Amino acid sequence: VQLLLQMNPYHVDSLLQLSDVCRMQEDQEMARDLIERALYSLECAFHPVFSLTSGTCRLDYRRPENRAFFLALFKHLMFLEKRGCPRTALEFCKLILSLDPEDDPLCVLLLIDFLSLRAREYSFLTRLFQEWESHRNLSQLPNFAFSVPLAYFFLSQQEERPELERSQARERAARLIQLALIMFPSVLMPLLDHCSVQPDARVASHPFFGLNAQISQSPALNQLTSLYVGRTHALWKDPAVMAWLEPHAHEVLRMVDAQDALVQEAEHKRKIRYQSAPRNIYRHIILSEMKEATAALPLEVTSQPVMGFDPLPPLDSIVSYTRPERTSHPSNESTLSLFFRSLLPNFNLQGDIPHDGDDEARAAQDLNQGVNRLMAAMRDMLANIQFQEPPREDNPEGDGDWD
């Protein structure tokens, strides 16, 4: 590792891979240093008009040259979050999303709600949900379905806010958490289990929140719910949050027993949607390394090698550089011909230049003909060279063995 860092200290892909190796060896300081070094190397290559703060610069993840920047930023924000800097990590998450907000190649939308709650940026999370819900359907993601009402609940607990805003926040939180429990009933029991909270008899015995809710859901939805529970369960351990969640769970059970239309509609949506997860969600789960979600990855993802510097590359990658094709050389070339080819790579003794009528082909043919004439002259010269033996001096003592 030291030799590699000395020979190529700023090779970005090597730095990303070595960072993963150091992290697996529990050398967190070295792993962070390698990621910061990769970011410095990438920053030195910024175009003068490329601005991180404008929010208008875009990078295409399909190009391999751009992927290292996405991955280095993602790994850096994960280190920041673990070091207790959620606000800074949130800003890096916004940066990654701004580079490609439509495709979101690393699917940071599955992470931005958690960082917003950790950083106590509740207003930002609710505003993002309101502005993007119409065209991105954020409510169909379990993390937004549960995190947004939790953000409204925290807003309602802020005493410095006017009473009207707090009342509106409580109403929105109640409405959204009930919709989340109806749409994703498989989240409640694992969430309570991670929080070491024992549900009451009515919730524990009802089949709507029971084991069947987790078994009957599709693998893609199971990955999303497992990722959310494993990542954000610590935010739900607050006794005030559990006291707020309990009556809404009972209200949802009442709606289920009454066969409310919302319950049937949500069940229909779960059967139609979430058939398979897109590739960016798999990439996010691999990078996040949440064991609850990683265990639910399909076989076609876990059976293929995954590199830390380019996990699950896009299937429609854009190759910017192509390797030039090698020209086929005749196998019966003489030593002299190989010598000229080492000096002139385009030299061809056979003169098989395609006659396509353009100037370059004619120029190449004239060059080959000139070299052929030169070789013929050299062959004649070499053929006329006669080697004579050096004159031998008379040995008066006659031939004999050397001492």
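Keep in mind that what you see is a predicted model, and the values were worked out from it rather than measured.

### So, the overall build of the protein
Then, in step 1: Tallying secondary structure elements over the protein gives 20 helices and zero strands in all.
Then, in step 2: A burial count over the protein gives 44% of its 403 residues as buried.
Then, in step 3: Nonlocal contacts in the protein, meaning residues at least 24 apart in sequence, comprise 70% of its contacts between residues at least 6 apart.
Then, in step 4: On the protein, roughly 23900 Å² of surface is accessible, and the fraction owed to carbon and sulfur atoms is 52%.

### Digging into the side chain of Arg 67
Then, in step 1: Within the fold, Arg 67 resides in helix α4 (residues 64-82).
Then, in step 2: Of the polar contacts made by the side chain of Arg 67, one reaches the backbone oxygen of Tyr 61; its length is 3.0 Å.
Then, in step 3: Non-local contacts of Arg 67, meaning those with residues more than four positions away in its chain, are made with Tyr 61, Arg 62, Asp 310, Pro 313, Pro 314 and Ser 317.

### Some words on the packing of helix α9 (residues 163-183) against helix α15 (residues 261-272)
Then, in step 1: At a minimum axis separation of 9 Å, α9 and α15 run at an interaxial angle of 50 degrees. Accordingly, the angle class assigned to the pair α9 and α15 is oblique. Within the contact between the two elements, α9 uses Leu 179, Ile 182 and Met 183 and α15 uses Leu 262, Val 263, Ala 266, Lys 269 and Arg 270.
Then, in step 2: Looking at the contact of α9 with α15 residue by residue, the classes come out as six nonpolar, no polar and two charged.

### What to know about the nonpolar core
Then, in step 1: Membership of the largest hydrophobic core comes to 110 residues, with the highest contact counts inside it found for Phe 144, Phe 146 and Trp 236.
Then, in step 2: With 11 residues, the single largest contributor to this core is α4.
Then, in step 3: Setting aside chain neighbours within four positions, we find Phe 146 in contact with Ile 177, Ala 180, Leu 181, Phe 184, Val 187, Tyr 228 and Trp 236.

### Remarks on the pattern of salt bridges
Then, in step 1: Tallying each qualifying case throughout the model produces 17 salt bridges.
Then, in step 2: Notably, a salt bridge pairs Arg 23 with Glu 289, separated by 2.7 Å at the nearest N-O pair. Here Glu 289 lies in the loop between α16 (279-288) and α17 (291-294) and Arg 23 lies in helix α2 (residues 12-24), a separation of 266 residues in the sequence.
Then, in step 3: Relative accessible area serves as the criterion here: at 18%, Arg 23 is assigned to the buried category.

### What to know about α2
Then, in step 1: The first and last C-alpha atoms of α2 sit 19 Å apart over 13 residues, in line with the 18 Å expected at 1.5 Å per residue.
Then, in step 2: Buried residues of α2: Val 12, Ser 14, Leu 15, Leu 16, Leu 18, Ser 19, Asp 20, Cys 22 and Arg 23, and no others.
Then, in step 3: Buried residues in α2 make contact with α1 (2-7), α3 (28-43) and α4.
Then, in step 4: A positive phi of about 65 degrees marks Glu 26, the residue just after α2.

### What about empty space enclosed by the protein?
Then, in step 1: This model, assessed by the stated rule, comprises one cavity of 30 Å³ or more.
Then, in step 2: Here the largest cavity defines a volume of roughly 60 Å³.
Then, in step 3: Lining the largest cavity, in full, are Leu 110, Asp 113, Phe 114, Asn 143, Leu 224, Leu 227, Tyr 228, Arg 231 and Thr 232.
Then, in step 4: Secondary structure elements with two or more residues in the lining of the largest cavity: α6 (112-118) and α13 (219-232).
Then, in step 5: No other element matches α13, which puts five residues into the lining of the largest cavity.
Then, in step 6: Taken together, the residues that form the lining of the largest cavity break down as five nonpolar, two polar and two charged.

### Comments concerning the confidence of the model for the protein
Low pLDDT means the predicted atomic positions in that stretch should not be read closely.
Then, in step 1: Taken over all residues, the pLDDT of the protein has a mean of 86, while the share at 70 or more is 83%.
Then, in step 2: In the predicted structure, residues 398-403 sits below a pLDDT of 50 and forms zero contacts with residues beyond four places in sequence or in another chain.

### Regarding the packing of helix α8 (residues 142-156) against helix α14 (residues 239-257)
Then, in step 1: Running from N to C, α8 and α14 point in directions that differ by 115 degrees, and their axes come no closer than 12 Å. Considered as vectors, α8 and α14 are oriented roughly perpendicular to each other. The crossing of α8 and α14 is right-handed. Facing α8, whose interface residues are Pro 149, Leu 150, Phe 153 and Phe 154, α14 presents Ala 240, Val 241 and Trp 244.
Then, in step 2: For the contact of α8 with α14, the per-class residue count stands at seven nonpolar, no polar and no charged.

### Topic: the layout of surface pockets
One simple way to see leftover space: roll a probe sized like a water molecule over the atoms.
Then, in step 1: In this structure, the largest pocket occupies an estimated 560 Å³ of space.
Then, in step 2: Per-class residue counts for the lining of the largest pocket are 15 nonpolar, four polar and seven charged.

### Let's talk about α14
Then, in step 1: Compared with the 27 Å implied by 1.5 Å per residue over 19 residues, the 28 Å span of α14 between its first and last C-alpha is a close match.
Then, in step 2: Buried residues of α14: Val 241, Met 242, Trp 244, Leu 245, His 248, Ala 249, Val 252, Leu 253, Met 255 and Val 256, and no others.
Then, in step 3: Against the buried residues of α14 lie α8, α9, α10 (188-194), α11 (201-205) and α15.
Then, in step 4: Once α14 ends, the next one or two residues include Gln 259, with phi positive near 55 degrees.

### A short note on unusual backbone geometry
Across residues other than glycine, the phi torsion is negative in most instances, and most of the peptide bonds are trans.
Then, in step 1: Positive phi, close to 55 degrees, is recorded for Ser 196, a residue that is not glycine.
Then, in step 2: Residue position: Ser 196 is located in the loop between α10 and α11.
Then, in step 3: At Gln 259, a residue that is not glycine, the phi angle is positive and equals roughly 55 degrees.
Then, in step 4: Its location among the elements puts Gln 259 in the loop between α14 and α15.
Then, in step 5: Overall, the relative accessible area of 60% leaves Gln 259 in the exposed class.

Cut-off values and rules
Residues numbered from 1 in each chain as written. Predicted model: local features only at pLDDT ≥ 70, side-chain atom pairs only at ≥ 80, totals over all residues. Heavy atoms only, no water. Helix = DSSP H or I, 4+ residues; strand = E, 2+ residues; numbered from the N terminus. Buried < 20%, exposed > 50% of the residue type's maximum accessible area, 1.4 Å probe, protein only. Contact = heavy atoms within 4.5 Å. Areas by Shrake-Rupley, 256 points an atom, 1.4 Å probe, with all protein chains shown as cover. Polar contact = N/O pair within 3.5 Å; in protein donor to acceptor, adjacent residues only side chain to side chain. Axes fitted to C-alpha atoms, helices over the stretch in contact; angles between N-to-C directions. Parallel < 35°, antiparallel > 145°, perpendicular 65-115°, else oblique. Nonpolar A, V, L, I, M, F, W, Y, C, P; charged D, E, K, R; others polar. Core = buried A, V, L, I, M, F, W, Y, C linked by side-chain atoms within 4.5 Å. Salt bridge = Lys/Arg side-chain N within 4 Å of Asp/Glu carboxyl O. Expected span 1.5 Å × (residues − 1). 1 Å grid on protein atoms, 1.4 Å probe; cavity = no way out; pocket = protein on both sides within 12 Å on 5 of 7 lines; lining within 4 Å. Points joined across faces, edges and corners; volume = space filled by probe spheres on them. pLDDT = per-residue confidence, 0-100. Left-handed = near helix turned anticlockwise from the far one by under 90°.

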